[in-house]
Amino acid sequence: MERKRLNTEEYIKFIKESPEKKRGYIFAGTTVLVSILLIIFAVRPTIVTITGINASIKEKNRLNTALDAKISTLNKLDKQFQDIGTDLNDLKLIYPADGNFSLLLANINPILSRNGFFLNGISFDKYSDKNISFTPKVLVPWSVKISTKGKTANVINLLKDLEAMPMFPVIESFSYTDQKDESGLTNYSINMRIYKIDNANFYE
Amino acid sequence: MFKFGKQSQSIDFLQPSYSPTDVWSTAYIWLTNVGKYLLIAVEVLVLGVFFSRFILDRQNNDLTEEVNAKVTLLSNESWQKNAAIYENYQYLLSDVKTVKEKQIINSVKVSELISGIPSSLHLSSFGFSANKITLRLTSNSLNSIKDYESSLKNNPNYSNVVFSIDKSDDEINVSVNFGFVID
């Protein structure tokens, strides 16, 4: 078979449009396309998953540190509680959670006697005034009304002694007149704000 | 399948001496020359991603086990009960501190008031409630009452001082109402 002779122009055209070159482009393009598809549909989801796992690890590390801190704090508190447990138990009497003001009653009587006063009556009631400028979280104000009689000269000391009790009571109202009974004693009405806890299981 | 053996006898220098013309041969040639680097790169990337995921998964699982163990420990009834008690005590102690520091002691105020009444005035009744004071006084001297009135009105701790004076026979009855200035 006689080979066809080609001139220069035809050679250049042949090189530019050679079927091998076209096939080369197609293979390169296909490979790049396949690689891109692989990256989009295989590698990218894995990287997304890895990012998710990384975020999860970060969150778990934070949680782990918080749990460590909590366990450590609880251990320290446990030790402190063992050391000062008896003192803390006194709080049950000072700020009762069951409405039992036995310590208050036990303190009031000696204070009255020490100042030469006699207890006429005592009653507890809900606190209805609005004289508190702060908001306690667990302590609830309560009211105790004391009716007593004694000498006017000692009443200031009596009020100071009452306010010095460990439950930090405050004189909310106080009144008296100069009328005296047959013993020469004056009647006084004292209303104090005390505190209790409105949760029976608070200390348990 | 591949036609490697058929080499043309041409002196056309633009054609390589070995130049496959079918699709599979071209693909094979391309793959062994250029594509292999692309494949190696993709393989390296895939292996890197695989191993990093393997390591991260192990770390994640270890952490999950550690966290679960601590949560189990803290979920123990005894620990939960202790935690609740300690929390309650912390709130209570915080309240006690607030009460101790912020509440105003009124016995001092009452003491100042009663001890501030001049001896020339006789206190017949005293009332203190919600920072309001009510006094009933008797006296024979109007000057003493005036002096006491001016001392109360000039005292910056008291406000709205109101004196009501009622004179009957030889005795002067005075009713005094005022309030405490709250800081």
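Residues numbered from 1 in each chain as written. Chains lettered and ligands numbered in written order. Predicted model: local features only at pLDDT ≥ 70, side-chain atom pairs only at ≥ 80, totals over all residues.

1. A few points about the overall build of chain A
Within chain A one finds 4 helices and 4 strands. A total of 204 residues make up chain A; the buried ones form 18% of that total. A separation threshold of at least 6 residues defines the contact pool for chain A, and within that pool the share at least 24 residues apart is 65%. (Helix = DSSP H or I, 4+ residues; strand = E, 2+ residues; numbered from the N terminus. Buried ≥ 20, exposed ≤ 12 C-beta atoms within 10 Å, placed from the backbone. Contact = placed C-beta atoms within 7 Å.)

2. Some details on the packing of helix α4 (residues 155-163) of chain A against helix α3 (residues 106-115) of chain B
Running from amino to carboxyl end, α4 of chain A crosses α3 of chain B at an angle of 170°, the nearest separation of the two axes being 9 Å. Taken together, α4 of chain A and α3 of chain B sit at an angle that is classed as roughly antiparallel. Contacts from I156, L159, K160 and E163 of chain A of α4 of chain A reach α3 of chain B at S107, V110, S111 and I114 of chain B. Among the residues forming the contact of α4 of chain A with α3 of chain B, the class breakdown is 4 nonpolar, 2 polar and 2 charged. (Axes fitted to C-alpha atoms, helices over the stretch in contact; angles between N-to-C directions. Parallel < 35°, antiparallel > 145°, perpendicular 65-115°, else oblique. Nonpolar A, V, L, I, M, F, W, Y, C, P; charged D, E, K, R; others polar.)

3. Some thoughts on helix α2 (residues 77-102) of chain B
Here α2 of chain B spans 37 Å end to end across 26 residues, near enough to the 38 Å set by a 1.5 Å rise per residue. Listed in full, the buried residues belonging to α2 of chain B are N88, L92, D95, V96 and V99 of chain B. (Expected span 1.5 Å × (residues − 1).)

4. Observations regarding the sheet that holds strand β1 (residues 122-129) of chain B
Judged by pairing direction, the sheet is antiparallel, and its 8 strands sit side by side in the order β1(A)-β2(A)-β4(A)-β3(A)-β1(B)-β2(B)-β4(B)-β3(B) without closing on themselves. Edge positions in the sheet fall to β1 (118-126) of chain A together with β3 (158-168) of chain B, since each of these pairs with one other strand and no more. The sheet shows a mean angle of 15° between the axes of neighbouring strands, direction not considered. Sheet topology note: the strand β3 (residues 170-180) of chain A/β1 of chain B ladder contains 5 bridges and is antiparallel. Looking across to β1 of chain B, one finds that F174 of chain A is bridged to F128 of chain B. In this fold helix α3 (residues 102-114) of chain A packs onto β1, β2 (139-150) and β4 (186-197) of chain A, with an angle of close to 150° to the strand it touches most, β1 of chain A. (Pairing = 2+ DSSP bridges.)

5. Digging into the nonpolar core
In terms of nonpolar packing, the biggest core is built from 44 residues, with Y95, L159, I171, M192, I194 and Y195 of chain A touching the most fellow members. A per-element tally of this core places β4 of chain A first, with 6 residues. Those residues in contact with Y195 of chain A, other than ones at most four positions away along the chain, are Y95, L139, V140, P141, W142 and M167 of chain A together with V99 of chain B. (Core = buried A, V, L, I, M, F, W, Y, C linked by C-beta atoms within 7 Å.)

6. As for the confidence of the model for chain B
All names here are of chain B. Mean pLDDT for chain B: 82, with 87% of residues reaching 70 or above. In this model, residues 1-5 is a region of pLDDT below 50 whose contacts with residues beyond four sequence positions or in other chains number 7 contacts. Among the scores for the predicted complex, ipTM is 0.70 and pTM is 0.67. (pLDDT = per-residue confidence, 0-100.)

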